[in-house]
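Observations on chain architecture
Single-letter residue listing:
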Amino acid sequence: MSGENQLHGCAITGVGSYVPERVLTNADLETIVDTTDEWITTRTGIKQRRMAADNEFTSTMAAAASRKALAQAELDPAELDLIIVATITPDMPFPATACLVQQELGAAKAAAFDLEAACSGFLYALEIAQAFITAGVHQNILIIGAEKLSSIIDWEDRNTCVLFGDGAGAAVLQRRDGARGVLATRLGSDGTKANILAMPGGGCCQPATVDSVNERIHFLKMEGKEVYKNAVTAMTAAAKEVLERSGLGIEDIKCIIPHQANMRIISAIGDRLGATEDQVFVNLQKYGNTSAASVAVALDEALQQGVVQRGDKILIIAFGAGLTWGATVLEW
Ligand code: COA
């Protein structure tokens, strides 16, 4: 829990994002699996998503987003103390993708590690980074949500392959005494529902074998309806809690940035919070669900579009496998 007894101020001084060039439309998907643009649009709101090229990886997309965030913060990568990459699609099981990003950026002084909280990863990284800064441990931290989900999608499973896309978003957090930044955060998890959204193969339980490949267990598996219900409940509760703890009503929030998974989930949460449509930022029609990158890319686009001005309050809400979830209120 953040927001209380802070020793130092922490500000987000730079935000950047990157999405690959290649566009995969719903019409393209009609040629791959038994689906229609109409089904995907009405059930999810997604119209297209971006697909990384063969020579693009989570680390390279993360580095591209980070360069933009660092440029906006006017911070030399050599000044970074810490790099956190939130991802479920690391370049490889080890070393950490954060170390590969460190090398790409030339951030020689930084410690670097990966964080795995699925689609909630960026909010988990934000909470960790701001805690390090407010406690006086570090001054300059780069957090990134980045995914090459196309590498773990089963392109024969119409239940899942239409939902996801690739991309990366990054933010630079710096000590700025007097800055308010994160006003309140709530993170949560529920491991009793670990099985409803998972990639079973490739870990130590079921390492790669010829059989495991044939059984297609190295792909993302999801019980869509269960995920849907849990997402609405957990994101709404976390959002209400951070609003209450920061002493704000929903009308005080300029921009709500929900995890971009499904338009129906976003609308259900908006309704339960009593938000108006124009408070809620949506870009899932362009990118689908990019997991850990989702709220980071959306935050960058909201800022670029001038939706948020200095001093405005932003509510970010996320949910993902684990289960994991989180909500944060920021003063921009
Ligand atoms: N095209 C056409 N039909 C499809 C389809 C597709 N891409 N995917 C599934 N269907 C079919 C199903 O097979 C099912 O057919 P059946 O009734 O003959 O068995 C039918 O559509 C209805 O499926 P259902 O699961 O009831 O749809 P839904 O309304 O629950 O929507 C999701 C499915 C996946 C869109 C929805 O459950 C969802 O968004 N869940 C959350 C997913 C998510 O956000 N995950 C990430 C969270 S981090």
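A brief look at the structure comes next. (Residues numbered from 1 in each chain as written. Predicted model: local features only at pLDDT ≥ 70, side-chain atom pairs only at ≥ 80, totals over all residues. Heavy atoms only, no water.)

**Things to note about the pattern of salt bridges**
Oppositely charged side chains can form a pair if their charged atoms are brought close together. Applied cut-off: Salt bridges are defined by distance alone: a side-chain nitrogen of Lys or Arg within 4 Å of a carboxyl oxygen of Asp or Glu. Put simply, DSSP marks the helices as runs of H or I at least four residues long and the strands as runs of E at least two long, and each gets a number from the N terminus on. Each residue is assigned to one of three classes by its accessible area relative to the maximum for its type, calculated with a 1.4 Å probe on protein chains only: buried under 20%, partly exposed between the two thresholds, exposed over 50%.
Following the criterion strictly, the structure yields 14 salt bridges and no others. A salt bridge links Glu104 to Arg67, with the nearest nitrogen and oxygen atoms 3.3 Å apart. With Glu104 in helix H4 (residues 97–105) and Arg67 in helix H3 (residues 58–73), this residue pair connects regions lying 37 residues apart in the sequence. Residue classification places Arg67 among the partly exposed positions, given a relative accessible area of 42%. With a shortest N-O distance of 3.1 Å, Lys286 and Glu301 are connected by a salt bridge. Here Glu301 lies in helix H11 (residues 294–304) and Lys286 lies in helix H10 (residues 284–287), a separation of 15 residues in the sequence. A residue is classified by how much of its surface remains accessible, and Lys286, at 28% relative accessible area, is partly exposed.

**Examining empty space enclosed by the protein**
Rule in force here: Put simply, the grid is 1 Å and covers the protein atoms alone, a cavity is a trapped set of points that fit a 1.4 Å probe, a pocket is an open set with protein on both sides within 12 Å along at least five of seven lines, and lining residues have an atom within 4 Å of a point. Grid points are joined across faces, edges and corners, and a volume is the space filled by probe spheres set on the points.
One pass over the structure, following the stated rule, counts two cavities of 30 Å³ or more. The volume enclosed by the largest cavity comes to roughly 40 Å³. Taken together, Ile256, Pro258, Ile266, Ile269, Gly270, Leu273 and Val280 make up the full set of residues lining the largest cavity. Elements with a minimum of two residues in the lining of the largest cavity: strand E11 (255–258) and helix H9 (263–273). Looking at the lining of the largest cavity, the element that brings in the most residues is H9, giving four residues.

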